[in-house]
Amino acid sequence: MNGAIEKANAEPRWLRALLLFLGLGFLFFFLFVPLVAVFVEAFRSGWNAYADALGDRETLHAIKLTIIIAFVVLPVNVVLGVAASWAIAKFDFRGKGLLVTLIDLPFAVSPVVVGLVFLLIFGMQGLLGPWLEARGIKVVFALPGMILVTLFITFPFIARELIPLMLSQGADDEEAAISLGASGVQMFFRVTLPKIRWGLLYGVILANARAMGEFGAVSVVSGHIRGETNTLPLHVEILYNEYNAVAAFASASILALLALVTLAAKMLVEWRMRRENEALDAGFLPEGGISFPSRP
Amino acid sequence: MIEISNVGKRFGNFTALDGIDLKIPTGELVALLGPSGCGKTTLLRIIAGMETPDAGKIRFAGEDATRLHARERRVGFVFQHYALFRHMSVFENVAFGLRVKPRKERPTDAEIRRRVFDLLKLIQLEWLADRYPSQLSGGQRQRIALARALAVEPKVLLLDEPFGALDTKVRKELRRWLRRLHDEVHISSVFVTHDQEEALEVADRVVVMNRGRIEQIGTPDEVYSNPASPFVYQFLGNVNVFRDRVQGRWASVANETLDEAENGAENAETNPVAFVRPHDIEIEASVVEGAFESTVKDVHTIGPIVRVELVHETELIEAELTRERANALSLSRGQTVWFKPRQIKIFNVPGNALEEGGSGI
């Protein structure tokens, strides 16, 4: 670098080089190379084969199903996540600690176990299965079951994002709005929602990525009915098991693309959030503030 | 007129308020003064309807408001950290209370605009209407927060440590400004502070609180020069505390007040304690009738005043002199001087009552 002045607390140069090499090397071999490999494999037989693979009826159906699930799951989770965060951040009640722990449950349980639990509850041998069957409602091995497990799996993303945000913002703004005569609804839409919108969007982006990419739980409750209950990740597995590598990687490339879009959106939102937090630090927070619990 | 009668509030095992009785006459500016944890903010929030009392009643102009929702109380609340809506411009912040009114009461856009600009003119910040809160200084934000609270024409204005987040110079300017504003709009106002100087300078009436109770209510002059309890004495300014000295040589100085103290001394558990303000101590360079001999331990010049630490026998005494007086005496460390209290106040105090709060020596 430029100069003889070394910071007294800096690490030795060789250590910095080593750490940098290890970190970047890991990123390169474990993240970047596989990502490139997906696209290389997908286009191995040329653009036409790629387009054909994606134009396949079953592939299109899998894409459609994946989008439908995300479309149903996200709004529900937005409402539930905001409600849970609101309850935790603004009220004190018995069992609050338990609720906070329960919100993290989907992160702690293996998705396959989640799928099995839903099978146990809604399946034919399960608790509610026969009752539902008698009324002609099909949950397991059908879309409703897949939506339910995806709801479960993606629930924590929004709440985990909003709880620390709402705690740090405190309730002063809301109290000010109420004392100025605002109703609860007016307060929420005019004061609270604008304050949490970027955090909410961040949670939605992460939840969306997971909803579209979820494999384990959905796999268990889907029943793998081709052209009916296969989402994109399940479809990729089936194609791959059939040694249809080009089609499998073509479908996988869509998921990889989704990942890239997610990362870009995440960066954009993070940048916006940082800017708002800087405005916040310029005098909106009480000194000392409240520490943020770490993200999962 | 706001009447608070016998209000109590507990948080778990902590008694925040205990049997509070207080009347706030219309148009007065009242300060709730006390150390942190004394319950002053809780009382303010109960008046605002943001907390519900466990016991007691709140009446606004004779009407029971104890169970009235904060939305319906017509109370303007100003927060220590402003609580401005940071995604709205200054104009929209001030207009908020008017915009959220039910449709049939809501003024027209032109009317809202007129009223907001009237308020911004009142606080002399109309040139900031299009700015956002993050672009304003702390003092400006607090004035905007005040205008926002006034926009809904509240019956009472409540301010929670309104100058607490500002630096000393701005704080002094802003509290004078608040006093002038109050003289202009004459709305009943209650503000919470832990800064005795602020309370004494701004308020018509000071309510001194300690441990969930009211210690004294009076004009700033009354509470300062005639404190009702040792706590008030210690909390309002510096004070020298002399224990177990009243029967001894101090008695001769304090003869007049001693009678008063003995009247209350039926309880054997209490002992009389003398309080003397540092600025009520005179220092002479030579022997004077009734003065005590002492040694100068230290001399600090703090702006216009000179603080002198004296040692009398084993006791440390703090005195405050004007710069002129100190210069005339030309005090130096180790020098022997004579001091004489001009004014002494004696209270009968239970053994442990002097430990908390205040700045006694």
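Residues numbered from 1 in each chain as written. Chains lettered and ligands numbered in written order. Predicted model: local features only at pLDDT ≥ 70, side-chain atom pairs only at ≥ 80, totals over all residues. Heavy atoms only, no water.

1. Things to note about the overall build of chain A
Quick note on the threshold: Counting from the N terminus, the helices are the DSSP runs of H or I reaching at least four residues and the strands are the DSSP runs of E reaching at least two. Buried, partly exposed and exposed residues are distinguished by accessible area as a fraction of the type maximum, computed with a 1.4 Å probe on protein chains only: under 20%, between the cut-offs, and over 50%, respectively. We call two residues contacting when some pair of their heavy atoms lies within 4.5 Å. Positive: Lys, Arg. Negative: Asp, Glu. His and the chain ends are not part of the count. For the purpose of locating charges, the reference atoms are NZ of Lys, CZ of Arg, CG of Asp and CD of Glu.
Regarding its fold elements, chain A presents 13 helices and zero strands. Element order for chain A, N to C, with α for helix and β for strand: α-α-α-α-α-α-α-α-α-α-α-α-α. If one aligns the C-alpha atoms of chain A with their principal axes, the spans along those axes are about 65 × 60 × 30 Å. Looking at chain A residue by residue over its 296 residues, the buried ones come to 41%. Expressed as a percentage of contacts within chain A between residues at least 6 apart in sequence, the contacts between residues at least 24 apart total 73%. Separation of charge centres in chain A, based on 22 positive and 23 negative side chains, amounts to 2 Å.

2. As for the domain arrangement of chain A
All names here are of chain A. The cut-off we apply is this: Source of the domain bounds: an automatic or database domain assignment. For any pair of parts, buried area is found by adding up, for both, the accessible area (1.4 Å probe) each one loses once the two are put together. The salt bridge definition used is simple: a Lys or Arg side-chain nitrogen within 4 Å of an Asp or Glu carboxyl oxygen. Within 3.5 Å is the distance limit for a polar contact, defined as a pair of N or O atoms, with the added protein rule that one can donate a hydrogen and the other accept it, and that residues adjacent in sequence qualify only through two side-chain atoms. Residue classes follow a fixed rule: Ala, Val, Leu, Ile, Met, Phe, Trp, Tyr, Cys and Pro count as nonpolar, while Asp, Glu, Lys and Arg count as charged, and any other residue, Gly among them, counts as polar.
Domain boundaries in chain A define domain 1 (1-42) and domain 2 (56-281). Summed over both partners, the interface of domain 1 with domain 2 comes to about 580 Å²; 87% of that surface belongs to carbon and sulfur atoms. At the boundary of domain 1 and domain 2, one finds zero salt bridges. Across the domain 1-domain 2 interface, the total number found is zero residue pairs in polar contact (both at pLDDT 80 or more). Grouping the amino acids of the side of domain 1 that touches domain 2 by side-chain chemistry returns four nonpolar, no polar and one charged.

3. Re the nonpolar core
Most often, soluble globular proteins have nonpolar side chains that are buried together. Threshold: Take the buried Ala, Val, Leu, Ile, Met, Phe, Trp, Tyr and Cys residues and link them wherever side-chain atoms come within 4.5 Å; each set so joined is a nonpolar core.
Residues Ile4, Leu32, Leu43, Phe96 and Leu158 of chain B are the most contacted members of the largest nonpolar core, which totals 56 residues. Considering each element in turn, this core owes the most residues, seven residues, to helix α10 (residues 184-213) of chain A. Formed by 47 residues, the second largest nonpolar core is a distinct cluster that contains Leu98, Ala145, Ala147 and Ala203 of chain B.

4. Some thoughts on the interface of chain A and chain B
Taken together, the contact between chain A and chain B spans 27 residues of the former and 26 residues of the latter. In this assembly, chain A packs against chain B so that about 2,400 Å² is buried in total across both faces, 60% of it on carbon and sulfur atoms. In this assembly, chain A and chain B are joined by one salt bridge. Between arginine 45 of chain B and glutamate 175 of chain A there is a salt bridge; the shortest N-O distance is 2.5 Å. One can count four residue pairs in polar contact (both at pLDDT 80 or more) joining chain A with chain B. Residue assignment for the side of chain A that touches chain B shows that the elements contributing at least two residues are α9 (172-179), α10 and α13 (245-281) of chain A. Looking at the side of chain A that touches chain B, its residues break down into 13 nonpolar, seven polar and seven charged.

5. Section: the sheet that holds strand β16 (residues 315-322) of chain B
Residue and element names in this part refer to chain B. Under the convention used in this document: Paired strands, as defined in this entry, are two strands with at least two bridges between them according to DSSP. Only the stretch in contact is used when a helix axis is fitted, and all axes are lines through C-alpha atoms; the angle between N-to-C directions ranges over 0 to 180 degrees.
Pairing is antiparallel across the open sheet formed by five strands, whose spatial order is β13-β17-β14-β15-β16. Pairing within the sheet leaves two strands with one partner each, and these edge strands are β13 (281-284) and β16. Within the sheet, the average angular offset between the axes of one strand and its neighbour, ignoring direction, is 45°. Across seven bridges, the pairing between strand β14 (residues 292-302) and strand β15 (residues 305-312) is antiparallel. Of the residues in β15, the one forming a bridge with aspartate 298 is glutamate 309.

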